[in-house]
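Fold and contact review
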Amino acid sequence: MPVHPRPPGNVATAPPGGSSAPPGGSPDPGRWWQRAACAGRNPTWWSSEDRPKWPAAVRLCLTCPVRESCLAEAVRQHDSGVIRGGMLLVDTSRGYGAVPLICANCGRRPVRLTESGGIPRYCGRTCQASHQRAARTLVAATARPR
Ligand code: SF4
Ligand SMILES: [Zn+2]
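The notes below deal with the structure included here.

Rules used throughout
Residues numbered from 1 in each chain as written. Chains lettered and ligands numbered in written order. Predicted model: local features only at pLDDT ≥ 70, side-chain atom pairs only at ≥ 80, totals over all residues. Helix = DSSP H or I, 4+ residues; strand = E, 2+ residues; numbered from the N terminus. Buried ≥ 20, exposed ≤ 12 C-beta atoms within 10 Å, placed from the backbone. Contact = placed C-beta atoms within 7 Å. Pairing = 2+ DSSP bridges. Axes fitted to C-alpha atoms, helices over the stretch in contact; angles between N-to-C directions. Core = buried A, V, L, I, M, F, W, Y, C linked by C-beta atoms within 7 Å. Arc of directions from axis to C-beta.

Focus: the overall build of the protein chain
- When helices and strands are counted, the protein chain shows three helices and three strands.
- Burial status across the protein chain gives 25% buried among its 146 residues.
- Once local pairs closer than 6 in sequence are excluded, the contacts in the protein chain between residues at least 24 apart make up 39%.

Regarding unusual backbone geometry
- We note that His78 has phi near 60 degrees; this positive angle belongs to a residue other than glycine.
- Residue placement: His78 occurs in the loop between α2 (67-76) and β1 (82-84).

Here we look at the sheet that holds strand β2 (residues 87-92)
- The sheet built from three strands is open, its strands ordered β1-β2-β3 with antiparallel pairing. Pairing within the sheet leaves two strands with one partner each, and these edge strands are β1 and β3 (95-100). Pairs of neighbouring strands in the sheet enclose a mean axial angle of 35 degrees, with direction left out of account.
- Bridge count between β1 and β2: three bridges; the pairing is antiparallel.

Description of the nonpolar core
- Grouped together as the largest cluster of nonpolar side chains are 27 residues, with contacts concentrated most on Ala36, Val58, Ile83 and Leu101.
- Secondary structure elements with two or more residues in this core: α1 (54-63), α2, β1 and β2.
- The element contributing the most residues to this core is α1, with four residues.
- Ignoring sequence-local partners within four residues, the contact set of Leu101 consists of Trp54, Val58, Ile83, Gly86, Met87, Leu88, Pro110 and Val111.

Topic: the environment of Met87
- With respect to the helices and strands, Met87 occurs in strand β2.
- Take Met87: there are 21 C-beta atoms within 10 Å of it, and that puts it in the buried class.
- It is 8.0 Å that separates the C-alpha atoms of Met87 and Val58, two residues lying 29 residues apart in sequence.
- What Met87 contacts, discounting residues up to four positions off in sequence, is Leu71, Ala98, Val99, Pro100 and Leu101.

Here's the deal with the environment of Cys70
- Tracing the backbone shows Cys70 in helix α2.
- With 14 residues separating them in the primary sequence, Cys70 and Arg84 have C-alpha atoms 6.4 Å apart.

Side note on α2
- For α2, the full list of buried residues reads Arg67, Cys70, Leu71 and Ala74. One side of α2 holds all its buried residues, which, seen down the axis, span an arc of 95 degrees. Seen from the open side of α2, the exposed residues pointing more than 90 degrees away from its buried face are Glu68 and Arg76.
- Its buried side turned inward, α2 meets α1, β1 and β2.
- In the segment just after α2, His78 is the residue with positive phi, at about 60 degrees.

Regarding the pairing of β3
- Bridge count between β2 and β3: six bridges; the pairing is antiparallel. Residue pairing in the sheet places Leu88 in a bridge with Val99 of β3.
- Count of turn residues in the β2/β3 antiparallel hairpin: two residues.

Observations regarding α1
- Inspection of α1 places Trp54, Ala57, Val58 and Cys61 among the buried residues, and these make up the whole buried set. Buried residues along α1 cover an arc of 95 degrees about the axis, so they all sit on one side.
- Turning to α1, the residues buried within the fold contact α2 and β1.

Spatial relationships are all this shows, so hold off on functional conclusions.
What follows is the structure, given as structure tokens:
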């Protein structure tokens, strides 16, 4: 399983559980992983193999100040079988892609996983209903004669 966060060789430079910003100074923007919300956490949470831990991992990604850099770098490196920036990166026979694990409606919570093994798009019924209502309204407005 890939080491987390990237780049693995520099993980050791970050103190456990926190940023390695120099006292009184700003972190180097090129070393974005120094500000990773997951620094010092158990990397298995971000593995595709530990599904019960995904919601906790995604909650941290949602608070992470370097979410975009993290996801961009992971995609550039073609990482797979890991969660980065709230997305599950996968490489299957159908190709390489990112499956969102953040609610498609509110964007503030992890999707609510089911026992069946699928990956839903919403954090719960309220967001699902709200998203579907908005989609129906949009379709009705588009279909209306002008
Ligand atoms: S976005 Fe998530 S996986 Fe990436 S550095 Fe932040 S907490 Fe870690
Ligand atoms: Zn939601």
